[in-house]
Amino acid sequence: MGTAKRSTKKQQASTTGRLPDPGTIRRHVEDAYATCRDDHGGQVADYIPGLAQTPADLFGICFAAVDGQVYEQGDVEVPFSIQSISKPFVYALVCEAVGHTEARERLGVNGTGLPFDSVMAVELHEERTMNPLVNAGAIATTSLVPGDTVEDKWQLVLRGLSRFAGRDLELDEEILASESESNRRNRGIAHLLRGYDQLYFDPDGTTEVYTRQCSIAVTVHDLAIMAATLADGGVNPVTGERVVDAGTSRRVLAVMATAGMYERSGDWLYEVGLPGKSGVSGGIVTVSPGKGGLGTFSPPLDDAGNSVRGQRATRELSERLGLNLFASGEPIVDGDMDDPR
Ligand code: GLN
């Protein structure tokens, strides 16, 4: 059992040791920020016109531990649209509503190996939706949100995501207007799924709710709290509210590990070793079960649509804070990032 008393059962039950002390966490968050700030790789997304104007130099990192302590650096209070990061949280709400077994049967939990907005993925696979974290499966997930009208479903999504964040989230109206003008592809996917009998609500109504959920404004601080809620088995570590049950939380993390970074999910798991989810506005959430949640925000993306600085900072913090689920050794505190442990 070691010398230090383990104060809670939670710490004993987590698989890969404990977090470093608060001073060390703070130092590594600051270091990751300083190291990655000058990486100018990637392009700001412009297929949604409203995103194209986002300043490329915005950069924020926030780590929220499951004890509710928050460590943050940079542009942590700048709001941006949540985009695809809404997908795992809406999937969690649907698992709560229909059960994780039915959710998996209807939506799937395997990767597509194709870009997030792929129509070919629907045509190629007989299951049609492969997982809830790429557009086809995410749109089908939204169609399963309880409620008879667009407004009912939307309120459930907005309230649900707000509980994950621990505050009342709001729409970014400008992004919503811009994305509603330009989301013909998503509308097409919704109608295609309907044609295959794999959409469970009206296609245009579903696309409307889906587009709103992607336009919810969050900060990187919100992302960290939302991720920490999944890290804590569904309990928001700041408000203390149980948002979803532990069984749901665990399955959501499994799907994030499989498909959270689109067709780069394998590369991500190989390097970072944690469930994550990115969005085209430049956010990434990463969950370290039993330890905490990490949010990063930096708009320039690689060609798969994942934030360049965010991936780098997360990889670095996963190593330095000892978060990698597959690592059996101590965290690499000051050593070489390519240390093979
Ligand atoms: N709203 C975006 C879309 O549906 C979300 C995509 C993303 O963040 N990868 O195209």
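The following paragraphs examine the structure supplied in this document. (Residues numbered from 1 in each chain as written. Predicted model: local features only at pLDDT ≥ 70, side-chain atom pairs only at ≥ 80, totals over all residues. Heavy atoms only, no water.)

## Observations regarding the packing of helix α6 (residues 135–143) against helix α10 (residues 203–214)
- Between α6 and α10, the shortest axis-to-axis distance is 9 Å and the interhelical angle comes to 105°. Judged by the inter-axis angle, α6 sits roughly perpendicular to α10. Contacts from Asn135, Ala138, Ile139, Thr142 and Ser143 in α6 reach Thr206, Val209, Tyr210 and Gln213 in α10.
- Considered class by class, the residues forming the contact of α6 with α10 number four nonpolar, five polar and no charged. (Axes fitted to C-alpha atoms, helices over the stretch in contact; angles between N-to-C directions. Helix = DSSP H or I, 4+ residues; strand = E, 2+ residues; numbered from the N terminus. Parallel < 35°, antiparallel > 145°, perpendicular 65-115°, else oblique. Contact = heavy atoms within 4.5 Å. Nonpolar A, V, L, I, M, F, W, Y, C, P; charged D, E, K, R; others polar.)

## What to know about the site of the ligand
- Looking at the ligand, the residues that line it are Tyr47, Gln83, Ser84, Phe116, Asn135, Glu179, Asn186, Tyr210, Cys214, Tyr262, Gly279 and Val280.
- The separation between a nitrogen atom of the ligand and a polar side-chain atom of Glu179 is 2.4 Å.
- Burial of the ligand by the protein amounts to 98% of the accessible area it has alone, namely 290 Å².
- A class-by-class count of the residues in the shell around the ligand yields six nonpolar, five polar and one charged. (Near = heavy atom within 4 Å. Polar contact = N/O pair within 3.5 Å; in protein donor to acceptor, adjacent residues only side chain to side chain. Areas by Shrake-Rupley, 256 points an atom, 1.4 Å probe, with all protein chains shown as cover.)

## Examining the packing of aromatic side chains
- In the structure shown here, the tally under the stated rule is six aromatic pairs.
- With centroids separated by 3.8 Å and ring planes inclined at 5°, the aromatic side chains of Phe80 and Phe297 adopt a geometry described as stacked. On the criterion of sequence distance, the pair formed by Phe80 in strand β3 (residues 80–81) and Phe297 in strand β8 (residues 292–297) is long-range, its members being 217 residues apart. This pair shows no difference in class: Phe80 is buried, exactly as Phe297 is.
- Considering the side-chain rings of Phe116 and Tyr262, the 5.1 Å spacing of their centres and the 40° angle between planes classify their relative orientation as tilted. One end of the pair, Phe116, is in the loop between α4 (100–107) and α5 (120–124); the other, Tyr262, is in the loop between α12 (246–259) and α13 (265–271), and 146 residues separate them in sequence.
- With a relative accessible area of 5%, Tyr262 lands in the buried category.
- Taken together, the ring pairs connect Tyr47, Phe116 and Tyr262 into an aromatic cluster.
- Stacked on the ring of Tyr196, the Lys or Arg Arg128 has its end atom at 3.8 Å from the ring centre. (Phe/Tyr/Trp six-rings, centres within 6.5 Å; stacked < 30°, edge-to-face > 60°. Buried < 20%, exposed > 50% of the residue type's maximum accessible area, 1.4 Å probe, protein only. Lys NZ or Arg CZ within 6 Å of the ring centre and 35° of its normal.)

## Let's talk about the sheet that holds strand β7 (residues 283–288)
- The five strands lie next to each other as β2-β1-β8-β7-β6, forming an open sheet whose pairing is antiparallel. A single partner strand is all that each edge strand has here, and the edge strands are β2 (70–74) and β6 (276–278). Neighbour to neighbour, the strand axes of the sheet diverge by 10° on average, direction disregarded.
- Where β6 meets β7, three bridges bridge the pair, whose relative direction is antiparallel. Looking across to β7, one finds that Lys277 is bridged to Val285.
- Here helix α11 (residues 220–231) sits on the sheet and contacts β1 (60–65), β2, β7 and β8; the angle it forms with β8, its principal contact strand, is near 150°. (Pairing = 2+ DSSP bridges.)

## Focus on α11
- Spanning twelve residues, α11 covers 16 Å between terminal C-alpha atoms, matching the ideal 16 Å at 1.5 Å per step.
- Among the twelve residues in α11, eleven count as buried, and that is most of the element.
- Taken together, the buried positions of α11 are Val220, Asp222, Leu223, Ala224, Ile225, Met226, Ala227, Ala228, Thr229, Leu230 and Ala231. (Expected span 1.5 Å × (residues − 1).)

## Side note on the nonpolar core
- With 60 residues, the main nonpolar core has Leu161, Phe164 and Ile216 as its most contacted residues.
- Examining the composition of this core, we find that nine residues originate from one element, α11, more than from any other.
- Excluding its chain neighbours within four sequence positions, the residues that come into contact with Ile216 are Phe80, Ser81, Ile82, Trp154, Val157, Leu158, Leu161, Leu169, Glu170 and Leu171.
- Formed by 20 residues, the second largest nonpolar core is a distinct cluster that contains Ile25, Ala32, Tyr71 and Leu274. (Core = buried A, V, L, I, M, F, W, Y, C linked by side-chain atoms within 4.5 Å.)

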